[in-house]
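# Structure at a glance
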Amino acid sequence: MTSTKNKITKLRKNILKYEYFYHTLNQSIISDAEYDYLLNQLYNLELKNKKLITSDSPTQKVGSGLLKNFKKIKHFFPMLSLENTFDINGYLNFEKRIKKSISINELISFCCELKLDGIAISIIYEEGVFVRAATRGDGFQGENITANARMIESIPLQLKGIDIPKRLEVRGEVFMLKSNFIKLNEKYKNNKQKYFSNPRNAAAGSLRHIDPKITAERKLIFSCYGCYFFTETNEELNTHYKRLMKCVSWGLPVKKEIIICSSYVEVKEFYKKFEKKRNFLDFDIDGIVIKVNSIELQKKLGCNTKSPRWAIAFKFFSSEKITLLNDVKFQVGRTGVITPVAYFNPVYISGVMIRKASLHNKYEIERLNLHVNDSVIICRSGDVIPKLLSVVKNIRCKNAKKITFPEFCPVCNTKLLENTDEKLIRCHSGLTCDAQKKKALYHFFSKKSLYVKGLGPKIINELIKKRFVKNPIDFFYLKDLDFIKLKNVGKKKSLKIINSIIQCKKTTLKCFIYALGIPGVGEIVSQKISNYFLKLDKLMNADVLELNSIDGIGKVIANNIFNYFYTVSNRKMINELITKAGIYWDDQELQKSNIKKTLFLNKKIVLTGVFNSFSRTKLKRILINLGANVLHNISQKTDILIYGKNFGSKFFRAKNLKIRIMNEEELKHLIQIK
Ligand code: IVH
């Protein structure tokens, strides 16, 4: 219990700190997604430990601190926040809860709108005249920003049209266009203090500026998303949508991207549409808002302390985040390539906490002109791989330290050499460099190489540390007693590994080539060269020209293969592996099977349709193993089209081009799969 209590206290303290920075100082020191993540953690912990909930917990209140310079205004009714979800299930639960709470099973009409990423404000009109404006503040009282709001062009000072209520409150978002934000920062590029990190902060700073003239200069925009009457209007304005349209008729700005829908499919479509479009809009949106359209139903559903039960925000994952670069470390890979890796303050992107990103090579560091302590922009490339996109310009601090690529290997201290063709810098110590040794030995005995079951990186590292092994040959002389001396390895496991080492000696030429770990020689290239040479000694004596003549083997890989076999220590190791350790494979077998394989060897093959006996991936793999190149599109260069059920237009294109067409049965016959 004490540890839960401590966790809760720590979370509350951090959240309150972030809220103070955000609401009072207009500074986002963490991202919205991280903030939501922490608040969710706190919410879940409190849910499980209800006794620990206190009234001052951030989960129990709406907004946060008020700025000291502005006078306070009490809201006529609380300015609440919205419940958030990041996935459609969250929305479906919201819908289910509504139906349960009002016990109806029929379709409910919802209004979907954009969730503008700005500052919430409330404006009061009396007899159609603008009288006051306030920020949300803590939800109960906000700052009186009447003078500043008057300066915003899109806020009418006098409403037009008919049926104007005696008193009207409109609530909406004040934001800055992205294009204006860029222009503003351009102006302050030499003044770090005035530099804003995003349009939202720029809008907040401009709206709450002590000088309303500055607010006017900053060209803020207002958009209304809700209105409340304190007196009856003539018309029956019984839906949220009708009310918004009424606001439009009074001259109030309302974003036109609104749909009325009643199925989650339409909600999802609206979400997907704007998730794609958001980067092309000139204003920031961070999701969509879905609201029950009927005002009567809204009233029935009511609110909880933080948010209304009739609305939910379906938020987008943020795709880019700004954070602080802490360090760049230089990793030594299996083949000696030195890869710089950036370590930064953790950021939460697309549902994942990210701490590091590869910087690929020396040129990437130079392109970024990277310094430790720089503010950097991180994204997930293809929404998956962490990437350091750029450095936030013009806000480099004094203690920033320029990053330079090392001249010597950070592990074995050997002078590093650059291969300009590959744009890579390598340590050429091979198995004498500890970092390479660990990775190369693990690779040698991994699944696609000479597979030894149970020989993971931990055991290999220990074997190296205890000086039991320094190269692949040593493994074939290990005894079960050696393994027992390792941590967490008992008799049973040692015997299992020893047995597997004996079995791994029978292999194939392809697996042996792959196991050597020659730079650029992966599974496919190993298969290609084993199909081509059939015998290891032919491969070992091939020159660069011959290697380069094999389809799919370029100049760089041909050179790597040649250099590998030209190196005396490598030839010696291979010789020992075969003659002393006893590794072998069946050359005859390879030749026999190669007769049927020649049909596909180096052929350009395209697939279309669905296959009965294999998945696409499996069929692709079989064909690659037979030496084929499997391509996506039909062209004049295609050799064979293999088609399954429900084939597509590729079939007709191949026919027109008179390309050889093969069905699944014919293929199975040729590769002898029953
Ligand atoms: S409705 C009762 N509609 O999102 C809540 N809010 O966390 C009424 N926001 O404070 C809010 N676009 O500042 C609503 N179309 C929209 C919105 C929107 C942006 C903001 C608003 C609110 C926050 C909720």
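As annotated in an unreviewed UniProt entry, the protein chain carries the name DNA ligase and comes from Buchnera aphidicola. Looking at the protein chain in UniProt, the text filed under Sequence similarities (unreviewed entry) is "Belongs to the NAD-dependent DNA ligase family. LigA subfamily."

## Concerning the overall build of the protein chain
A count of helical and extended segments in the protein chain gives 25 helices and 24 strands. On C-alpha atoms alone, the protein chain measures out to a radius of gyration of 33 Å, which is more than a quarter above the 26 Å that the 2.2 N^0.38 rule sets for 674 residues. Projected onto the principal axes, the alpha-carbon positions of the protein chain cover approximately 100 × 60 × 50 Å. Surface exposure of the protein chain reaches about 35,500 Å², of which carbon and sulfur atoms provide 53%. Considering the protein chain, the positive charge centre built from 117 side chains and the negative charge centre built from 62 side chains are found 5 Å apart.

## Digging into the pairing of strand β3 (residues 110-116)
β3 sits mainly inside the fold: seven of its seven residues count as buried. In terms of strand pairing, β3 meets strand β9 (residues 259-261) through three bridges, oriented antiparallel. Paired with Phe-110 across the two strands is Cys-261, which belongs to β9. Looking at chain direction, β3 and strand β10 (residues 285-292) are connected through seven bridges and run antiparallel.

## So, the packing of aromatic side chains
For the structure on display, the rule yields 23 aromatic pairs. The interplanar angle of 75 degrees and the centroid separation of 6.2 Å between the aromatic rings of Tyr-125 and Phe-130 together place this pair among those described as edge-to-face. Each ring, one from Phe-330 and one from Phe-405, has its centre 5.0 Å from the other, and the planes form 70 degrees; the classification is edge-to-face. Here Phe-330, found in strand β12 (residues 320-332), pairs with Phe-405, found in the loop between β18 (401-402) and β19 (417-419); they are 75 residues apart in sequence, far enough to count as distant. Given the relative accessible area of 18%, Phe-330 is considered buried. A relative accessible area of 17% means that Phe-405 is categorised as buried. Aromatic ring contacts, followed pair by pair, group Phe-444, Phe-445, Phe-475 and Phe-476 into a single cluster. A cation over a ring is seen here: Lys-423 above Tyr-363, with NZ or CZ 5.7 Å from the ring centre.

## A word on the side chain of Asn-293
Considering the arrangement of structural elements, one finds Asn-293 in the loop between β10 and α10 (295-301). Look at Asn-293 and you get buried, because its relative accessible area is 5%. Excluding its chain neighbours within four sequence positions, the residues that come into contact with Asn-293 are Ser-109, Phe-110, Cys-111, Asn-238, Thr-239, His-240, Tyr-241 and Ile-260.

## Considering the nonpolar core
Residues Leu-455, Phe-483 and Phe-512 are the most contacted members of the largest nonpolar core, which totals 50 residues. Looking at this core, the elements with two or more residues in it are α12 (434-444), α13 (457-465), α15 (491-503), α16 (509-515), α17 (523-533), α18 (536-540), α20 (555-566) and α21 (568-579). When residues of this core are assigned to their parent elements, the largest contribution, five residues, is made by α20.

## Re the sheet that holds strand β22 (residues 629-631)
Across the sheet, which stays open at both edges, the four strands sit in the order β22-β21-β23-β24 with parallel pairing between neighbours. Two strands bound the open sheet, and with one partner strand each, they are β22 and β24 (660-663). The average undirected angle you get between the axes of adjacent strands in this sheet is 30 degrees.

## Some points on the site of the ligand
Surveying the vicinity of the ligand reveals 14 residues, the closest of which are Glu-113, Leu-114, Leu-116, Glu-173 and Lys-291. Taking Glu-173, its side chain carries an N or O atom lying 2.6 Å from an oxygen atom of the ligand. One of the side-chain nitrogen or oxygen atoms of Tyr-225 is found 3.3 Å away from an oxygen atom of the ligand. Every element with two or more residues in the shell around the ligand is listed here: β3 and β10. Sort the elements by how many residues they give to the shell around the ligand and β3 lands first, with four residues. A breakdown of the residues in the shell around the ligand according to their chemical character gives eight nonpolar, one polar and five charged.

## Comments concerning the pattern of salt bridges
For side chains of opposite charge, pairing can occur when their charged atoms come near one another. Under the criterion given, the structure shown has 24 salt bridges. Linking Arg-167 and Glu-126 is a salt bridge whose minimum nitrogen-to-oxygen distance equals 2.9 Å. Here Arg-167 is found in strand β7 (residues 167-175), whereas its partner Glu-126 is found in strand β4 (residues 119-126), with 41 residues between them in sequence. Here the residues in one salt-bridge network are Lys-448, Lys-510, Glu-523 and Arg-621, joined through shared partners.

## What to know about a positive patch on the surface
Taken together, the side chains of Lys-447, Lys-453, Lys-492, Lys-493 and Lys-496 define a basic patch exposed on the protein surface. Looking at the secondary structure, you find Lys-493 in helix α15.

## Brief notes about the packing of α12 against α13
Two elements in contact, α12 and α13, have axes separated by 10 Å at closest approach and are oriented at 130 degrees. Here α12 lies oblique to α13, going by the angle between them. As α12 packs across α13, the resulting crossing turns out to be right-handed. Taken together, the residues of α13 that come into contact with α12 (itself represented by Lys-437, Lys-438, Leu-441 and Tyr-442) are Pro-457, Ile-460, Asn-461 and Ile-464. Residues of the contact of α12 with α13, tallied by class, amount to five nonpolar, one polar and two charged.

Rules of the game
- Residues numbered from 1 in each chain as written.
- Predicted model: local features only at pLDDT ≥ 70, side-chain atom pairs only at ≥ 80, totals over all residues.
- Heavy atoms only, no water.
- UniProt positions renumbered as here; feature names shortened; annotations may be inferred.
- Helix = DSSP H or I, 4+ residues; strand = E, 2+ residues; numbered from the N terminus.
- Rg over C-alpha atoms; globule rule 2.2 N^0.38 Å.
- Areas by Shrake-Rupley, 256 points an atom, 1.4 Å probe, with all protein chains shown as cover.
- Lys, Arg positive; Asp, Glu negative; His and termini not counted.
- Charge placed at Lys NZ, Arg CZ, Asp CG, Glu CD.
- Buried < 20%, exposed > 50% of the residue type's maximum accessible area, 1.4 Å probe, protein only.
- Pairing = 2+ DSSP bridges.
- Phe/Tyr/Trp six-rings, centres within 6.5 Å; stacked < 30°, edge-to-face > 60°.
- Lys NZ or Arg CZ within 6 Å of the ring centre and 35° of its normal.
- Contact = heavy atoms within 4.5 Å.
- Core = buried A, V, L, I, M, F, W, Y, C linked by side-chain atoms within 4.5 Å.
- Axes fitted to C-alpha atoms, helices over the stretch in contact; angles between N-to-C directions.
- Near = heavy atom within 4 Å.
- Polar contact = N/O pair within 3.5 Å; in protein donor to acceptor, adjacent residues only side chain to side chain.
- Nonpolar A, V, L, I, M, F, W, Y, C, P; charged D, E, K, R; others polar.
- Salt bridge = Lys/Arg side-chain N within 4 Å of Asp/Glu carboxyl O.
- Patch = residues over 30% accessible without salt bridge, like charges linked within 9 Å, V, L, I, M, F, W, Y side chains within 5 Å.
- Parallel < 35°, antiparallel > 145°, perpendicular 65-115°, else oblique.
- Left-handed = near helix turned anticlockwise from the far one by under 90°.

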